[in-house]
Amino acid sequence: MLMRTDPFRELDRLTQQVFGNATARPSAMAMDAYRSGDDFLVHFDLPGIDPETIELDVERNVLNVRAERRSPAPEGAEPLVAERPTGTFTRQLFLGDTLDTERIDASYEAGVLTLRIPVAEQAKPRRIQISGGDTRKQLSG
């Protein structure tokens, strides 16, 4: 199971609308997540991000994603229009115990970071053999 919680996300959006992107807290990144078979897939929108700046780490079932977009303008250039956000983007996901955090697969293509997180083997349904009596039965569990 994937749990999503970021109590400051809406506050960040409102602050960015009022004051621009110069907030004290790093910007969050847009995300989609869903289960497909025995995997959870998570897609993060990171257009214009150099893949070398993307950092992923997992500690105690908490996945941290960090990326940085630098301004393409050379230092000292006078900006005429600066609407594309730059700086550090972060996102934190709380992963349930049913996910195998040792086998996370990450790829970055066309500005989208995709994570494939498999369901842990011990969390998958399995059949249990019951013995006793004259006949054997199988129950799904």
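Each chain has its residues counted from 1, following the order in which its sequence is written. Confidence filtering applies because this is a predicted model: local features only for residues at pLDDT of at least 70, side-chain atom pairs given and counted only at 80 or more, and all residues used for totals across whole chains, interfaces and linings. To obtain the side-chain values, all non-hydrogen atoms of the structure were included, while hydrogens and water were left out.

Caption draft 1: Region of the structure containing the overall build of the chain. Numbering of helices and strands runs from the N terminus, with a helix taken as a DSSP run of H or I at least four residues long and a strand as a DSSP run of E at least two residues long. Along the backbone of the chain there are one helix and 11 strands. Overall, the chain shows an N-to-C arrangement of helices and strands of β-α-β-β-β-β-β-β-β-β-β-β. For every residue, the accessible area (1.4 Å probe, protein chains only) is compared with the maximum for its type, and the residue is labelled buried under 20%, exposed over 50%, or partly exposed between those bounds. Within the chain, the fraction of its 141 residues that count as buried is 26%. In what follows, a contact means two residues having at least one pair of non-hydrogen atoms within 4.5 Å. Look at the contacts in the chain between residues 6 or more apart in sequence, and 50% of them connect residues 24 or more apart.

Caption draft 2: A look at the pattern of salt bridges. Only one rule defines a salt bridge in this text: a Lys or Arg side-chain nitrogen within 4 Å of an Asp or Glu carboxyl oxygen. For the structure shown, the criterion picks out five salt bridges. Note that Glu 68 and Arg 70 form a salt bridge whose closest N and O atoms lie 3.7 Å from each other. Taking the relative accessible area as the measure of exposure, Arg 70 reaches 53% and is therefore exposed. Linking Arg 103 and Asp 100 is a salt bridge whose minimum nitrogen-to-oxygen distance equals 2.7 Å. With relative accessibility at 47%, the residue Arg 103 sits in the partly exposed group.

Caption draft 3: A look at the nonpolar core. By nonpolar core we mean a set of buried residues, namely Ala, Val, Leu, Ile, Met, Phe, Trp, Tyr and Cys, connected to one another through side-chain atoms within 4.5 Å. Grouped together as the largest cluster of nonpolar side chains are 19 residues, with contacts concentrated most on Val 42, Phe 44, Leu 46, Leu 93 and Leu 113. Counting residues per element, the ones that place at least two in this core are β4 (39-45), β6 (62-69), β7 (87-95) and β9 (112-118). Setting aside chain neighbours within four positions, we find Leu 113 in contact with Val 42, His 43, Phe 44, Leu 46, Ile 54, Leu 56, Val 65, Ala 106, Ser 107 and Tyr 108.

Caption draft 4: Looking closely at unusual backbone geometry. Its identity as a non-glycine residue notwithstanding, Arg 60 has a phi of 50 degrees, on the positive side. Relative to the helices and strands, Arg 60 is located in the loop between β5 (55-59) and β6. Here Arg 60 falls in the exposed class, since its relative accessible area comes to 78%. Phi is positive for Ala 110, which is not a glycine, with a value near 55 degrees. Tracing the backbone shows Ala 110 in the loop between β8 (105-109) and β9.

Caption draft 5: Spotlight on the sheet that holds β9. Here the rule is simple: two strands pair whenever DSSP picks up at least two bridges between them. Spatially, four strands are ordered β3-β4-β9-β8 in an open sheet, and the strand pairing comes out antiparallel. In this open sheet, the two strands that pair with only one neighbour each are β3 (31-36) and β8. Neighbouring strand axes in the sheet, compared pairwise and without regard to direction, differ in orientation by 15 degrees on average. As defined by bridge partners, β8 adjoins β9 across five bridges and the pair is classed as antiparallel. Pairing of Glu 109 across the sheet is with Val 112, part of β9. Only the stretch in contact is used when fitting a helix axis, every axis being a line fitted to C-alpha atoms; angles between N-to-C directions are given from 0 to 180 degrees.

Caption draft 6: Local environment of the environment of Met 29. Secondary-structure assignment places Met 29 in the loop between β2 (27-28) and β3. Met 29 sits 15 residues away from Phe 44 along the chain, and the two C-alpha atoms are 6.4 Å apart.

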